[in-house]
Amino acid sequence: MISEPGQSGAMRYVLFDVDGTLIDAVDNQRLVWRTWAERYGLDPDEVYRVALRTRPMETFAQVAPDQDPGECLAALHELEDEDVRSGAYTAFGGASELLSALQPGSWALVTSNYEHRVRGRFARTGLPVPEVLVDAAAVEEGKPSPVPYLQAAARLGAKPEDCLVIEDAPSGVESGLRAGMTVWGVNGPAAVDGVHRHFGSLREAVRDILAFASGPRPHRLEGSAAVESS
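Since the structure is predicted, the reported quantities are computational estimates derived from the model, not experimental observations. (Residues numbered from 1 in each chain as written. Predicted model: local features only at pLDDT ≥ 70, side-chain atom pairs only at ≥ 80, totals over all residues. Heavy atoms only, no water.)

Peer 1: Kindly report on the environment of Val26, identifying the contributing residues and their values.
Peer 2: Summarising the element assignment, Val26 is placed in helix α1 (residues 26–39). Judged by its relative accessible area of 37%, Val26 falls in the partly exposed class. For the pair formed by Val26 and Tyr89, sequence separation is 63 residues and the distance between their alpha carbons is 9.7 Å. (Helix = DSSP H or I, 4+ residues; strand = E, 2+ residues; numbered from the N terminus. Buried < 20%, exposed > 50% of the residue type's maximum accessible area, 1.4 Å probe, protein only.)

Laid out in structure tokens, this is it:
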């Protein structure tokens, strides 16, 4: 097992986003939003563009202001639940070995999705589920608010400065940075603004994530100017 206390005496923790970071769900998300948009006679590409940077209720307010937001959300949830049951999912390379190597109680999932969907996707891909999972229902303020990551740290008994956030999206990166944590980006051709390190894929980051979890507390870099690419 990995993630013993570092030389500083402090336990080290890793907080993972899910979609786009551990689970490759881009095609699923695009299909769900396309189907939803077509139900309401909207441009699927425009709807998806908005949905990528806002929470669902904010998306509805922008793309379908004349529709009942509760009905819009119910339709979206129906489509997402069906996708979890029947859609094709894959875990990003390195996800299984990484999560299996981390010590129980040293890592958590922080997602803008809902717990039952995360558990369904993890069951489909064979990934382990940690003790702490902070989902959309657990917080009133979602990413980019720092609240989700701060709640995960609190539930783990961790200090923000002892936490490493693994993210792929700008809103999640901002959330982790505002929480006062080290933030590394994965699964993108270019670094998201603000990350302390960037890896083109999750697999490329596995060794360094495990080293963070098991090593002494590092001097944390500040700001996007300090980005390291691997």
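Next comes the rest of the account.
Peer 1: Account for unusual backbone geometry, naming residues and giving values.
Peer 2: Apart from glycine, the bulk of residues carry a negative phi angle, and the bulk of peptide bonds sit in the trans form. A cis amide bond links Lys143 with the next residue in sequence, Pro144, at an omega value of 15°. In the Ramachandran plot, Asn187 falls in the positive-phi region, its phi being about 60° despite a non-glycine side chain. Along the polypeptide, Asn187 turns up in the loop between β7 (182–185) and β8 (197–198). Here Asn187 falls in the partly exposed class, since its relative accessible area comes to 23%.

Peer 1: Lay out the side chain of Ser106 with the relevant residues and their values.
Peer 2: Tracing the backbone shows Ser106 in the loop between α5 (95–101) and β4 (107–110). A polar contact of 2.5 Å, which involves the side chain of Ser106, links it to the backbone oxygen of Gln103. (Polar contact = N/O pair within 3.5 Å; in protein donor to acceptor, adjacent residues only side chain to side chain.)

Peer 1: Hey, could you go over the environment of Leu150 for me, with residue numbers and the actual values?
Peer 2: Of note, Leu150 is situated in helix α7 (residues 147–156). It is 9.2 Å that separates the C-alpha atoms of Leu150 and Met181, two residues lying 31 residues apart in sequence. Excluding residues within four positions of it along the chain, Leu150 makes contact with Pro160, Ala179 and Met181. (Contact = heavy atoms within 4.5 Å.)

Peer 1: Which residues make up the nonpolar core, and what values do they have?
Peer 2: Phe16, Leu102, Leu109, Phe122, Ile166 and Ile209 are the most contacted members of the largest nonpolar core, which totals 31 residues. Mapped by element, the contributors of at least two residues to this core are β1 (13–16), α5, β4, α6 (115–125), β6 (163–167) and α9 (202–214). With seven residues, α9 is the single largest residue contributor to this core. Ignoring sequence-local partners within four residues, the contact set of Ile166 consists of Val14, Leu15, Phe16, Asp17, Thr21, Tyr149, Trp184, Val186, Leu202 and Ile209. Counting 21 residues, the second largest nonpolar core, distinct from the first, contains Val110, Val132, Leu156 and Val192. (Core = buried A, V, L, I, M, F, W, Y, C linked by side-chain atoms within 4.5 Å.)

Peer 1: Just give me the short version of the pattern of salt bridges, but keep the residues and values in it.
Peer 2: Counted under the stated rule, the structure contains 14 salt bridges. With its nearest N and O atoms 2.6 Å apart, the salt bridge here joins Arg49 to Glu46. In this pair, Arg49 and Glu46 are both assigned in helix α2 (residues 44–51), three residues apart and thus about one turn of the helix distant. For Glu46, a relative accessible area of 33% gives the class partly exposed. Taking the shortest distance from any N to any O, the salt bridge between Glu115 and Arg119 comes out at 2.8 Å. Here Glu115 pairs with Arg119, and both are found in helix α6, just four residues apart, close to one helical turn. What makes Glu115 partly exposed here is its relative accessible area of 29%. Assessed through its relative accessible area of 40%, Arg119 is described here as partly exposed. (Salt bridge = Lys/Arg side-chain N within 4 Å of Asp/Glu carboxyl O.)

Peer 1: Account for helix α8 (residues 170–178), with residues named and values stated.
Peer 2: Those residues of α8 lying buried are Gly172, Val173, Ser175 and Gly176. All buried residues of α8 fall inside an arc of 160° around its axis, so they share one side. Exposed side of α8, more than 90 degrees from the buried face: Pro170 and Arg178 are the residues found there. Buried positions along α8 lie against α7, β6 and β7. Positive phi appears at Gly180, one or two residues downstream of α8, with a value of about 80°. (Arc of directions from axis to C-beta.)

Peer 1: Can you tell me about the pairing of β4, naming the residues and giving the values?
Peer 2: Here β4 shows two buried faces, one formed by Trp107 and Leu109 and the other by Ala108 and Val110. Bridge count between β1 and β4: three bridges; the pairing is parallel. Residue pairing in the sheet places Leu15 in a bridge with Ala108 of β4. Sheet analysis places β4 next to strand β5 (residues 132–134), joined by three bridges and oriented parallel. The partner of Val110 across the bridge, within β5, is Val134. Once the chain exits β4 it traverses α6 before rejoining the sheet at β5, and the crossover so formed is right-handed. (Pairing = 2+ DSSP bridges. Right-handed = clockwise from strand over helix to strand, strands pointing away.)

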